[in-house]
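Coordinate analysis (summary)
The residues making up each chain are set out below.
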Amino acid sequence: MATASNAYVLPINPAERRNPGWWAMVLIIATEAMLFAYLLFAYFYLGSMANTPWPPSGPPELKLVVPNTIVLLVSSGTMWWAESGIRAGSQLRLRIGMLLTLLLGIAFLVVQGIEYSKKDFAMQSNAYGSLFFTITGFHGAHVFVGLLFNVVVELRAWLGHFTAERHLAVTNAAMYWHFVDIVWLVVFTSLYLVPHVM
Amino acid sequence: LDKGRDTFGTTPLDAEPDEILRMPEDTMWPFFLSLSILVICYGLVFGLAWLGIVGAVALFVTIVGWFWPRPALAVGEV
């Protein structure tokens, strides 16, 4: 038992370890990645079992989706720029970078909505339609959540909450956004590019 | 430990205390969060889209409110 003569002092909330919040985001990303893995498995499985052409109305058009993919890739770049900015202590880079990411993310969702309106099939048309809208819809929902995350972190950035030493929320927002981007690359390749080559 | 919501953090193998963790204070945010989820579910079950949207907005507000940083609880970051 510690007495007054041999009492020791413990640190309060020390900084030597990875923050639990960082681990929380890693686990969230792992869970969501599994969700997309299952959805894409279903897509390829049903495609391999289909007796009719897959996609039924031919390969999807790339006119809108290719520029949209570039928009999302650029948004990952601006997010990286913002995060590396606050790591270097630059509030301006953080604020502007996150604002650009937000605008590019909104543009992505708008273009995806336009693409949806031009489709000649619906979710209930057939299995392909169901999977197409489920997979891209789920991804769009993840982008929307990422934008909400971005808005809150942006607000905190403008309130001056972050420093070079303390910016976990920015790191988490960036990790989530890069995950959303990587998922889109896989979805884009599977749903849009593969039907053109196979 | 008798002056606030603090608890020990220990080493993983031997459970030796090696840090003090400052825990959050009492808060009503989780209750309001669950209420907003209730509102969303009510809207979904009865097909009231506007109610679902109201619940979703309330959900967002309660999550932000609950997780808004409090300097006294700052955990070390790496």
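Residues numbered from 1 in each chain as written. Chains lettered and ligands numbered in written order. Predicted model: local features only at pLDDT ≥ 70, side-chain atom pairs only at ≥ 80, totals over all residues. Heavy atoms only, no water.

1. Observations regarding the overall build of chain A
Within chain A, the secondary structure is distributed over 5 helices and 0 strands. Counting helices and strands in the order they occur from the N terminus, chain A gives α-α-α-α-α. Over its C-alpha trace chain A gives a radius of gyration of 22 Å, far above what one expects of a compact globule, namely 16 Å for 198 residues. Dimensions of chain A along its principal axes, counting C-alpha atoms only, are 80 × 45 × 25 Å. The buried share among the 198 residues of chain A stands at 40%. Residue pairs in contact within chain A that sit at least 24 positions apart in sequence constitute 79% of those at least 6 positions apart. (Helix = DSSP H or I, 4+ residues; strand = E, 2+ residues; numbered from the N terminus. Rg over C-alpha atoms; globule rule 2.2 N^0.38 Å. Buried < 20%, exposed > 50% of the residue type's maximum accessible area, 1.4 Å probe, protein only. Contact = heavy atoms within 4.5 Å.)

2. Points about the nonpolar core
All names here are of chain A. Among the nonpolar cores identified, the biggest contains 40 residues, and L94, I135, F162, W184 and L191 are the most heavily contacted of them. Elements with a contribution of two residues or more to this core: α1 (20–49), α2 (65–87), α3 (91–118), α4 (127–158) and α5 (168–197). Ranked by residue count, the leading element in this core is α5, at 14 residues. Aside from chain neighbours lying at most four places away, what touches W184 is V65, T69, L72, F108, Q112, T136, H139 and Y192. (Core = buried A, V, L, I, M, F, W, Y, C linked by side-chain atoms within 4.5 Å.)

3. Here we look at the environment of R166 of chain A
Residue and element names in this part refer to chain A. When you line up the elements, R166 lands in the loop between α4 and α5. On the basis of relative accessibility, which here comes to 31%, the residue R166 falls in the partly exposed class. As a C-alpha pair, R166 and L72 span 94 residues in sequence and 27 Å in three-dimensional space.

4. Brief notes about the side chain of T171 of chain A
Along the polypeptide, T171 of chain A turns up in helix α5. A relative accessible area of 16% places T171 of chain A in the buried class.

5. Structural notes on the pairing of strand β1 (residues 6–10) of chain B
All names here are of chain B. Taken together, the 5 bridges between β1 and strand β2 (residues 17–22) define a ladder with antiparallel strand orientation. For T10, the partnering residue across the bridge sits in β2 and is P17. In textbook terms, the turn of a hairpin is the stretch between consecutive antiparallel strands, and for β1 and β2 this stretch comprises 6 residues, one of which, A15, has a positive phi near 55 degrees. (Pairing = 2+ DSSP bridges.)

6. Some details on a nonpolar patch on the surface
All names here are of chain A. A cluster of nonpolar side chains, namely W80, W81, L92, I96, L99, L100, L103, I106, V110 and I114, defines an oily patch on the protein surface of about 920 Å² accessible area. Of all the elements in the fold, those that place two or more residues in the nonpolar patch are α2 and α3. At 8 residues, α3 tops the list of elements feeding residues into the nonpolar patch. With respect to the helices, strands and loops of the structure, W80 is situated in helix α2. (Patch = residues over 30% accessible without salt bridge, like charges linked within 9 Å, V, L, I, M, F, W, Y side chains within 5 Å. Areas by Shrake-Rupley, 256 points an atom, 1.4 Å probe, with all protein chains shown as cover. Salt bridge = Lys/Arg side-chain N within 4 Å of Asp/Glu carboxyl O.)

7. With respect to the packing of aromatic side chains
Scanning the model with the defined rule gives 21 aromatic pairs over all chains in all. With a centroid separation of 4.6 Å and 45 degrees between ring planes, the pair formed by Y42 of chain B and F46 of chain B is classed as tilted. Under the relative-accessibility criterion, Y42 of chain B is labelled partly exposed at 45%. Take F46 of chain B: its relative accessible area is 52%, and that puts it in the exposed class. Put simply, the rings of Y43, F44, W54, F108, Y116, F121, Y128, F132, F133, W184, F188 and Y192 of chain A pair up and form one aromatic cluster. The ring centre of W158 of chain A lies 5.1 Å from the NZ or CZ of R95 of chain A, which sits over that ring. (Phe/Tyr/Trp six-rings, centres within 6.5 Å; stacked < 30°, edge-to-face > 60°. Lys NZ or Arg CZ within 6 Å of the ring centre and 35° of its normal.)

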